[in-house]
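Structural overview for review
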Amino acid sequence: MALLPVRQFRVIENRVEAKETFTLVLEPADDEPMFAFEAGQFVMAHLPSDDGKTKAKAYSIATAPCESSERFELGIKREGEFTSNLKNLRAGDSVGVQGPYGRFVLKKDAAPLVLFAGGIGITPLRSMLREALFTGMTCDIRLFISDRDDVCMAYESELRELAKKYPNFHPIFLFTRNAPNDRPCEACRLTPEIVRREIPDLRGAQFYMCGPKPFMQCVKEILEGLGVDTKSRLKQELF
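The following paragraphs examine the structure supplied in this document. Numbering of residues starts from 1 in each chain and follows the order in which that chain's sequence is written. For a predicted model such as this one, the threshold for reporting local features is a pLDDT of at least 70, and the threshold for listing and counting side-chain atom pairs is 80 or more; totals across whole chains, interfaces and linings nevertheless cover every residue. Excluded from the side-chain calculations are hydrogens and water; all other atoms, namely the structure's heavy atoms, are used.

Some remarks on the nonpolar core
As used here, the term nonpolar core means buried Ala, Val, Leu, Ile, Met, Phe, Trp, Tyr and Cys residues forming a set that is joined through side-chain atoms within 4.5 Å. The classification of residues rests on relative accessible area computed with a 1.4 Å probe and restricted to protein chains. Under 20% of the type maximum is buried, over 50% is exposed, and intermediate values are partly exposed. Of all hydrophobic cores here, the largest spans 30 residues; its most connected members are Leu 125, Ile 141, Leu 159 and Phe 169. Put simply, DSSP marks the helices as runs of H or I at least four residues long and the strands as runs of E at least two long, and each gets a number from the N terminus on. Every element with two or more residues in this core is listed here: β7 (113–118), α2 (122–134), β8 (141–149), α3 (156–165), β9 (169–178) and β10 (206–211). It only takes one pair of heavy atoms within 4.5 Å for two residues to be counted as in contact. For Leu 125, the contacting residues outside a window of four places in its chain are Phe 104, Leu 115, Phe 116, Ala 117, Tyr 208 and Cys 210. By size, the runner-up hydrophobic cluster in this structure holds 21 residues, among which are Phe 35, Ala 45, Ile 76 and Val 95.

Structure representation (structure tokens):
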């Protein structure tokens, strides 16, 4: 991974998305244009630490390239000291940004898209989804998104609204502990039966997944059991 310069970005907004999940909205603070990126890529965020040294951590870009000409968003789960420091940033504060990086990117072809998101792994897939929908891709798009409950799940309301607006987008919400009873969802973990029910014909689809290792292993095993060549048709990013 070639090193890119660290640029200073200004915090425009720091908003809560779900329990322990927040979004940083950033814009360049160095009078230079926004960097170009591909849907699914990540950046390194840099902050000074208590010992006087600068620390960095990778975060996926949550917005689509087509909507990020002046600013972009990072979707972050609060875990540990570094993310706590990011959570404490306020409008006008600065953060170093290095990137973009990553090969986990959306391919804009006519194939149906099938996305699997575990927890905060929704972040790069949100970027891909918004890019696909906002640039007029008309292929069928299925998103399987899994989390413990609706309190923890980020972007649920947004995803439901996108499904109302774009008839080719179909989200499937999976809650492994407590499922709400006032809207469509599944009160279970992902299973081969759910995948087969939602996608009767898996031929020709391109698969993307992002989330914790156990979730991704489960997805891979399900797809292989359904006859999918995961080496050529499944792209992944570990969170």
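Description of the pattern of salt bridges
The salt bridge criterion pairs a side-chain nitrogen of Lys or Arg with a carboxyl oxygen of Asp or Glu, the two atoms within 4 Å. As enumerated under the stated definition, the model contains 21 salt bridges in all. Residue Asp 30 is joined to Arg 7 by a salt bridge in which the shortest nitrogen-to-oxygen separation is 2.9 Å. Here Asp 30 is found in the loop between β2 (21–28) and β3 (42–48), whereas its partner Arg 7 is found in strand β1 (residues 6–18), with 23 residues between them in sequence. For Arg 130, the salt bridge is made with Glu 67, and the minimal N-O distance between the two is 2.7 Å. Of this pair, Arg 130 sits in helix α2 while Glu 67 sits in the loop between β4 (54–60) and β5 (72–77), placing them 63 residues apart in sequence. Residue Glu 67 is classed as partly exposed on the basis of its relative accessible area of 30%.

Quick look at the pairing of β4
Between any two strands, pairing holds if DSSP finds at least two bridges. Looking at chain direction, β3 and β4 are connected through seven bridges and run antiparallel. Bridging from a neighbouring strand, Ala 45 pairs with Lys 57 of β4. The loop that links β3 with its antiparallel partner β4 comprises five residues; one of these, Gly 52, has a positive phi angle of about 85°.

Examining helix α1 (residues 80–87)
Residues of α1 that are buried: Phe 82, Thr 83, Ser 84, Leu 86 and Lys 87. The inward-facing, buried residues of α1 abut β1, β2, β3, β4, β5 and β6 (94–101).

Focus on the sheet that holds β4
Reading across the sheet, the six strands line up as β4-β3-β6-β1-β2-β5 and stay open at both edges, with antiparallel pairing between neighbours. The two strands at the open ends of the sheet, each matched to only one other strand, are β4 and β5. Strand-to-strand twist across the sheet, computed as the mean angle between neighbouring axes with direction ignored, equals 40°. Across five bridges, the pairing between β1 and β6 is antiparallel. Note that in β6 the partner of Arg 10 across the bridge is Ser 94. Fitted lines through C-alpha atoms give the axes, limited to the stretch in contact for helices. The angle between two N-to-C directions lies from 0 to 180 degrees. Where α1 meets the sheet, it contacts β1, β2, β3, β4, β5 and β6, and its direction lies at approximately 80° from that of β4.

Thoughts on the packing of aromatic side chains
In summary, the pairing rule links any two rings of Phe, Tyr or Trp, Trp by its six-membered ring, whose centres are within 6.5 Å, and it sorts them by plane angle into stacked for under 30 degrees, edge-to-face for over 60 and tilted for everything else. Summed over the entire model, instances satisfying the criterion amount to nine aromatic pairs. Ring centres of Phe 104 and Tyr 208 lie 6.0 Å apart, and the angle between their planes is 70°; on these two criteria the pair is classed as edge-to-face. Pair noted here: Phe 104 is in the loop between β6 and β7 and Tyr 208 is in strand β10, with a separation of 104 residues, a long-range link. What makes Tyr 208 buried here is its relative accessible area of 0%. The aromatic ring of Phe 22 is capped on one face by Lys 87, whose charged end is 5.8 Å from the ring centroid. Lying across the ring of Phe 173, Arg 160 places its NZ or CZ 3.9 Å from the centre. In this scheme, Lys NZ or Arg CZ marks a charge over a ring once it lies within 6 Å of the ring centre and within 35 degrees of the ring normal.

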